[in-house]
Amino acid sequence: MSHAVTTDVITVSPATYARAAMSRLAERLWWVAVLPAVAFALAAFHDAAYLFAAFIWLLMLVPPAVMVAYYSYLLKPETAALSRPHRVTIDSHGVTVTFEAVDGDEHPLHADIYLTNNNLRTVIEKGDHLELDYTRQSPLPMLIIPYSAFAQGDAPHALANLYAEPTPKQ
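Here we summarise the structure given alongside this text. The numbering scheme is per chain: residues are counted from 1 as the chain's sequence reads. Residues qualify for local features only when their pLDDT is at least 70, as the model is predicted, and side-chain atom pairs are given and counted only at 80 or more; totals for whole chains, interfaces and linings, by contrast, use all residues. Remark: hydrogens and water are excluded; side-chain values derive from all non-hydrogen atoms of the structure.

Structural notes on the packing of aromatic side chains
Only the six-membered ring of Trp is used, alongside the rings of Phe and Tyr, when aromatic pairs are assigned; centres must lie within 6.5 Å, and planes under 30 degrees apart are stacked while those over 60 apart are edge-to-face, with the rest tilted. Tallied over the full model, the rule gives one aromatic pair. Relative to Tyr50, the ring of Phe40 has its centre 6.4 Å away and its plane inclined at 20 degrees; by these criteria the two rings are stacked. Taken together, the residues Phe40 in helix α1 (residues 14-43) and Tyr50 in helix α2 (residues 49-74) connect sequence positions ten residues apart. Think of it in three bands: with a 1.4 Å probe and only protein chains considered, a residue is buried below 20% of the maximum accessible area for its type, exposed above 50%, and partly exposed in between. The class for Phe40 is partly exposed, based on a relative accessible area of 24%. Under the scheme used here, helices are H or I runs from DSSP no shorter than 4 residues and strands are E runs no shorter than 2 residues, and both carry numbers assigned from the N terminus.

The following block contains the structure:
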């Protein structure tokens, strides 16, 4: 039986969440940009003007893609609250995000968020942080936890809790 792991107080920048959201969107919808661009590039063997059309296609696609990533991942109040100081507790039942009071406020910015392991889609281990990707039924689409927030030796215990079979909380 693994024990619960609680991080130090962390603040993850909005740019880190934006980068992760764009990566997820690009992994899921890469073909929307590539297939028409390839078709235009093949047509460019007939007429060079199609190279310009391929370039225009990509310029027309990028701004809406950024908006889709922003609206689908980053616009939720819960996700916006993650740029404020918070702690993350990981146990075998799930993940709890506890927000800290800031600037002498009596109450934290947001209520605690509980994420069950049943809604956890994937755990992505990056170089300096963990990215937890959740399903649409979850209160958060993703959660980023820097490795530096874990106490010495707690990161393997946290990963063991995340990879464990989900159990209902008593």
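Observations concerning the sheet that holds strand β4 (residues 113-116)
Pairing is antiparallel in the open sheet, where four strands are placed in the order β1-β2-β3-β4. The open sheet has two edge strands with one neighbour each: β1 (5-6) and β4. Should DSSP find at least two bridges between two strands, the strands are taken to pair. Relative to β4, strand β3 (residues 94-99) runs antiparallel, the two being bridged by four bridges. Counterpart to Thr96 in the pairing with β4 is Tyr114.

Some remarks on the pairing of strand β5 (residues 120-125)
Pairing analysis gives five bridges linking β5 to strand β6 (residues 129-134), with the strands arranged antiparallel. Across the sheet, Glu125 pairs through a bridge with Leu130, a residue of β6. Hairpin connection, β5 to β6: the antiparallel pair is bridged by three residues.

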